[in-house]
Amino acid sequence: MTTAIANERLRKRFQKWDTNGNGSLERSDFEGEAAKITEAFGADSGSPEAQALNDAFQGLFDYISGGSEEVSENQFMNVTGDLIFQQGEATFNRALGPVIQALIGLCDKNDDGLINGDEFVSWLKAVGVDPGRAQELFGQVDADNNGELSTDELLAAVREYHFGRLDVELLG
Ligand SMILES: [Ca+2]
Ligand SMILES: [Ca+2]
Ligand SMILES: [Ca+2]
């Protein structure tokens, strides 16, 4: 990993999450992001799955903002850089776990808590990744090679992306 790639990826994430484009993150940006993802998955905005995703994004905003109303780009880079590169995996999983679990909830058509190949294709489509890469990417995320993606495997993939070791952007 180079720090340059890692920083560029975090900066991209900041810009994406700044859904109203005003140069800082507010709670409403995270509501907007949850709503956008819900729509991309074709889920009803009033469904429990949509609510869970919104709650998860609000929890993530609480973590990133540390209780303030808005988060500047510098603050975001510091907090998320610390979360990804300094804190251990357990802290990362606590912060991002609810978002990943909510995404699984939106995508898990057969309700087994895991993401199979077909479900992964619809995930990639919803977050704007070329589904033609699904097979290759699935193999990279499926660490234990059992043909299903677990919460832990998906969380590890998000970390690996931010370390610059994996090229799939699962959070859209
Ligand atoms: Ca904003
Ligand atoms: Ca499933
Ligand atoms: Ca697996």
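Here the structure is a predicted model, which means the values were calculated and not measured.

About the cut-offs
Residues numbered from 1 in each chain as written. Chains lettered and ligands numbered in written order. Predicted model: local features only at pLDDT ≥ 70, side-chain atom pairs only at ≥ 80, totals over all residues. Heavy atoms only, no water. Donors = N, O, S within 2.8 Å, 3.2 Å for Na, K, Ca; no water. Buried < 20%, exposed > 50% of the residue type's maximum accessible area, 1.4 Å probe, protein only. Axes fitted to C-alpha atoms, helices over the stretch in contact; angles between N-to-C directions. Helix = DSSP H or I, 4+ residues; strand = E, 2+ residues; numbered from the N terminus. Parallel < 35°, antiparallel > 145°, perpendicular 65-115°, else oblique. Left-handed = near helix turned anticlockwise from the far one by under 90°. Contact = heavy atoms within 4.5 Å. Nonpolar A, V, L, I, M, F, W, Y, C, P; charged D, E, K, R; others polar. Salt bridge = Lys/Arg side-chain N within 4 Å of Asp/Glu carboxyl O. Core = buried A, V, L, I, M, F, W, Y, C linked by side-chain atoms within 4.5 Å. Tetrahedral: all angles 85-135°; square planar, octahedral: opposite > 155°, others 65-115°.

A.B. asks: Could you give an account of the coordination of the calcium ion (ligand 1), naming the residues involved and the relevant values?
C.D. replies: Each angle at a metal carrying four tetrahedral donors should ideally be 109.5 degrees, and each at a metal carrying six octahedral donors should ideally be 90 or 180 degrees. Those donors, D18 (OD), N20 (OD1), N22 (OD1), S24 (O), E26 (OE), D29 (OD) and D29 (OD), are the protein atoms that reach the calcium ion (ligand 1), and they lie 2.2 to 3.0 Å from it. Here the donor residues of the calcium ion (ligand 1) share one chain and are spaced in sequence as D-x1-N-x1-N-x1-S-x1-E-x2-D. Just as D18 is buried, E26 falls in that class too.

A.B. asks: Before we move on, could you go through the packing of helix α1 (residues 3-17) against helix α4 (residues 73-86) and cite the residues and values that matter?
C.D. replies: When two helices pack together, their arrangement is given by the angle between the helix axes and by the axis-to-axis distance. Between α1 and α4, whose axes approach to 10 Å, the crossing angle comes to 125°. Relative to α4, the element α1 is oriented oblique. In terms of crossing hand, the pair formed by α1 and α4 is right-handed. Between α1 and α4, the contacting residues are A6, N7, L10, R11, R13, F14 and W17 on the first element and E73, F76, M77, T80, G81, I84 and F85 on the second. Considered class by class, the residues forming the contact of α1 with α4 number eight nonpolar, three polar and three charged.

A.B. asks: Requested: an account of the pattern of salt bridges, with residues and values cited.
C.D. replies: Counted by the stated rule, this structure contains nine salt bridges. For E33, the salt bridge is made with K16, and the minimal N-O distance between the two is 2.7 Å. Note that E33 is positioned in helix α2 (residues 27-40) and K16 in helix α1, a separation of 17 residues in sequence. Between R159 and E89 there is a salt bridge, with its nearest N and O atoms 3.8 Å apart. Of this pair, R159 sits in helix α8 (residues 151-163) while E89 sits in helix α5 (residues 89-107), and the two are 70 residues apart along the sequence. The buried category is assigned to R159, whose relative accessible area is 14%. In this structure, a network of salt bridges that share partners links the residues K16, E33 and K36.

A.B. asks: Just give me the short version of the side chain of H162, but keep the residues and values in it.
C.D. replies: Within the secondary structure, H162 is located in helix α8. Owing to a relative accessible area of 3%, H162 belongs among the buried residues under this scheme. Not counting residues up to four positions away in its chain, the partners in contact with H162 are A6, R9, L10, R13, I84 and F85.

A.B. asks: Give me the nonpolar core: which residues, what numbers.
C.D. replies: Formed by 50 residues in total, the largest nonpolar core has its most connected members in W17, F57, L96, F120, W123, L154 and L170. Only α1, α2, α3 (48-65), α4, α5, α6 (117-127), α7 (134-141) and α8 provide two or more residues apiece to this core. Ranked by the residues each element gives to this core, the list is headed by α5, at ten residues. Here W17 is in contact with L25, D29, F30, E33, F57, L60, I64, F76 and L171, once residues within four sequence places are set aside.

A.B. asks: So, the coordination of the calcium ion (ligand 2): which residues are in play, and what are the values?
C.D. replies: Surrounding the calcium ion (ligand 2) are the protein donor atoms D108 (OD), N110 (OD1), D112 (OD), L114 (O), E119 (OE) and E119 (OE), at 2.2 to 2.6 Å. Coordination at the calcium ion (ligand 2) comes from six donor atoms whose angles at the metal span 52 to 161°, giving a geometry best classed as irregular. Considered as a linear motif, the donors of the calcium ion (ligand 2) on their single chain read D-x1-N-x1-D-x1-L-x4-E. Note on D108: relative accessible area 8%, which makes it buried.

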